[in-house]
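# Chains, contacts and geometry: an overview
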Protein chains: 2
Amino acid sequence: MKGEIITIGNELTTGRTPDLNSWYAAGKLAASGLSVTRVTSVGDDEEMVSHALKTVFESSRFVIVTGGLGSTDDDMTCRIVANALDRPLYPDHQMLEKIKAHVKARGAEMTPPLHKMALLPEGAIMINPSGDTCGFSLTKKDVRFYFLPGVPDQMRHLMDKFVLPELLSLYETLPVVRQRLIKLYGLSEPRIAEIFEKLQGKQMGAVLGFYPHFPENHITISLQGEDEPIVIAELDQVQAEIMSLVGNYVFSTGNQEMEEVVGRLLTERGKTISVAESCTGGLIGHRLTNVPGSSDYFCGGVVSYSNQSKIDLLEVSAETIKRYGAVSDETAQEMARGIRERMNSDLGLAVTGIAGPDGGSKDKPVGTVYIGFCSAEEVFSRRYRFWGRRKQIKLNTSMMTLDWVRRYLNGDPILSGI
Amino acid sequence: MKGEIITIGNELTTGRTPDLNSWYAAGKLAASGLSVTRVTSVGDDEEMVSHALKTVFESSRFVIVTGGLGSTDDDMTCRIVANALDRPLYPDHQMLEKIKAHVKARGAEMTPPLHKMALLPEGAIMINPSGDTCGFSLTKKDVRFYFLPGVPDQMRHLMDKFVLPELLSLYETLPVVRQRLIKLYGLSEPRIAEIFEKLQGKQMGAVLGFYPHFPENHITISLQGEDEPIVIAELDQVQAEIMSLVGNYVFSTGNQEMEEVVGRLLTERGKTISVAESCTGGLIGHRLTNVPGSSDYFCGGVVSYSNQSKIDLLEVSAETIKRYGAVSDETAQEMARGIRERMNSDLGLAVTGIAGPDGGSKDKPVGTVYIGFCSAEEVFSRRYRFWGRRKQIKLNTSMMTLDWVRRYLNGDPILSGI
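Residues numbered from 1 in each chain as written. Chains lettered and ligands numbered in written order. Predicted model: local features only at pLDDT ≥ 70, side-chain atom pairs only at ≥ 80, totals over all residues.

## Side note on the relation of the copies chain A and chain B
- Each copy superposes on the other: chain A lies on chain B with an RMSD of 0.1 Å after a rotation of 180° and an axial shift of 0.1 Å. What the rotation and shift describe, once combined, is the action of a two-fold rotation axis.
- Mapped onto chain B, 100% of the interface residues of chain A are again interface residues, and the two copies thus contact each other with one and the same surface. (Least-squares fit on C-alpha atoms with pLDDT ≥ 70 in both. Contact = placed C-beta atoms within 7 Å.)

## Concerning helix H15 (residues 390-410) of chain B
All names here are of chain B.
- The terminal C-alpha atoms of H15, which comprises 21 residues, lie 30 Å apart, in line with the 30 Å expected from a rise of 1.5 Å per residue.
- Burial runs high along H15: 15 of the 21 residues are buried.
- Looking one or two residues beyond H15, the residue adopting positive phi is Gly411, at roughly 75°. (Helix = DSSP H or I, 4+ residues; strand = E, 2+ residues; numbered from the N terminus. Expected span 1.5 Å × (residues − 1). Buried ≥ 20, exposed ≤ 12 C-beta atoms within 10 Å, placed from the backbone.)

## Quick look at the interface of chain A and chain B
- Contacts between the two partners involve 76 residues from chain A and, on the opposite side, 76 residues from chain B.
- Here the side of chain A that touches chain B is built from residues that sort into 33 nonpolar, 29 polar and 14 charged.
- In this structure, strand E14 (residues 298-303) of chain A lies alongside strand E14 (residues 298-303) of chain B, joined through 3 bridges in antiparallel fashion. Note on E14 of chain B: the bridge partner recorded for Val302 of chain A is Val302 of chain B. (Nonpolar A, V, L, I, M, F, W, Y, C, P; charged D, E, K, R; others polar. Pairing = 2+ DSSP bridges.)

## Section: the environment of Ala350 of chain B
Residues and elements named next belong to chain B.
- Its place among the elements puts Ala350 in strand E15 (residues 347-353).
- Under the C-beta neighbour-count criterion, Ala350 is labelled buried, with 34 such atoms within 10 Å.
- With 39 residues separating them along the chain, Ala350 and Arg389 place their C-alpha atoms 21 Å apart.
- The residues touching Ala350, leaving out its near neighbours within four places in the chain, are Ala276, Ala332, Met335, Ala336, Ile339 and Gly372.

## Overview of the packing of helix H8 (residues 189-199) of chain A against helix H9 (residues 228-246) of chain A
Residues and elements named next belong to chain A.
- Interaxial distance between H8 and H9 falls to 11 Å at its minimum, and their mutual angle equals 135°. Between H8 and H9, the crossing angle belongs to the class labelled oblique. Judged by the sense of rotation from one axis to the other, the crossing of H8 with H9 is right-handed. Contact with H8, carried on its side by Ile195, Lys198 and Leu199, involves Glu241, Ile242, Leu245 and Val246 of H9 and no other residues of that element. (Axes fitted to C-alpha atoms, helices over the stretch in contact; angles between N-to-C directions. Parallel < 35°, antiparallel > 145°, perpendicular 65-115°, else oblique. Left-handed = near helix turned anticlockwise from the far one by under 90°.)

Set out below in structure tokens:
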């Protein structure tokens, strides 16, 4: 069952905001076996919105429209929908009461723009009439249109709770479509292209997708069929082929982020961790603590941005910094040992490097990073060279550090470079 | 001068990746006074790509196409372009030599997909022939098409260095279009809607846009005219109207992030800062260190995720934690004092709270956060209640903490709630 997405807003055509609404909707639809053939974004411009609504692709059975249902000046979707789909506007009393109640609860007063929000095209059915956030749907020539607000949280809520369930109930005879996501870290694009070559003829009709997602690489396997167990079994087989080729570069075979994988492994192994961060400035701790329940295994960290803080808080010796520099194997190791002792954790990780754009030298150019590791058994470190701008170097450093923990806990060798 | 953007890739129609390429291109084009009327995303599907290329909007004079120029299985843009625009493919020798050189430099070998990359539609002109990354352009019926790779960094590079300069040279007689961006923190949407009401009649023909950008709110002012100094003067006047209404809620009147604004203020005032983070886990330090040169004013931080680390590293008294809890005014103040002393900085900031989803209580529900501040003159703290999911609570907490520093350095009152 095919459909399309139309997103409305000057913020999209002027580059003010990335179009995360179509991204979210497309992902949810794909996961439900509903395919999106096209996403069209237009500005708050009557001609363009109208054209987009009128030229829905001939094969589309549903259209998700987001944006333009708010209360500011750019909001004119209802009027344009009314004109484009030839459905005069009328004030929806249920909607008006809702808006009044909402405004009253916030201690504000009704204004003309708020009154405008209660006008709906004829034949429209409110989505979520009893909730805080509403949208509406209407059917025109066998095409089901869903109009949702552009505010991401509101749009997502209505999409998940109302639009998807309705679509799935309308189109019951879907073929089975299943997708698997494989996330890799540490393999270059040409290496992945080679792997795709090797998979030729072994993919059982699966469509493979490759998506660089800095600093990760993602591979998707999509398979369609009549019978779910067969589709799943075939997916498993293609996935096993890929796993045999890329082995321990795969950190997730689902939607999990690296920090979630690391968190799960730490929990399973009953280990705790702490981090001493220089060039990443707190990013590793931030990522670890994005995971609910991370306080069970993350003891804490020190962001030792200055040399003095490395000495004061991590007991790195002033002599080491003087002799080898703050960006060195020796300092990384002392930082890892220091944070582990300070935090009384099983593992201590440390990073020190040059994120740029300044501070590089011939010996240690921008992107040079040392990662240090300390457990009860061993202390070691390794030098890396990351590329890109400051934020990319920080991100790659955090990724490699988390990957160290993942590989250590899995008993896999740590990557020597990427 | 109007144009449009077409982005190609299954990752876009299946929700694997947000469409950041169109976002980037649209932003750059808008800033140059070139307007984008439509963005269309289609999957790696011959019919849909072909349809998108053939149905370029009648008023479009340029089309930016991204995606499909790589080496994996989904790449078929060139062939489809050749068919859709009726321009047979031929092997471009310059391109073939480039690819060979590139592959050789990486120690890899030429493969059929790499050979395929050298086929270009007739009349195509290579973009950046001497560089690592290429695209091509061609003209059909007065419409200039630019085909760029889908890898964001490559696409951005070609866009900035080649496409934009060419477009600007082709269409010299542009009217002057200028946009101003105003970023606010701490004002609710209804309050901003009221401000828009008050601006009615004072906007001198400017188009105002309002964009929630959690946890920030952005207002854009767009003005068009013949004469740049006049457009700028009018923009200044509208901006002054807005500033008189929203005052110190505005943290940036350009593209600067909050952490850049805070960094500039710290530099101007010659102050240094350190942070003690509990619920944010390192996010504040991460944000501060995203700014190049932040080592001049950011001394470092402690991520005191456990109670023990608050005691050991920040000298919070065990008695305080026992009596008032780790999430309390008293603990926040002791953390702020502790980090300031530890790091020997002018300002010490601290956050402690409940990011959820667990850990809340009736007295201190999820989203309860205490922020603490310590300078040579004063120590104080305040309680906040933030809403949303874990990551949103963390983000809002980091934003409020940075806003404290901004307001303190500007001599403005600190927000009591949002």
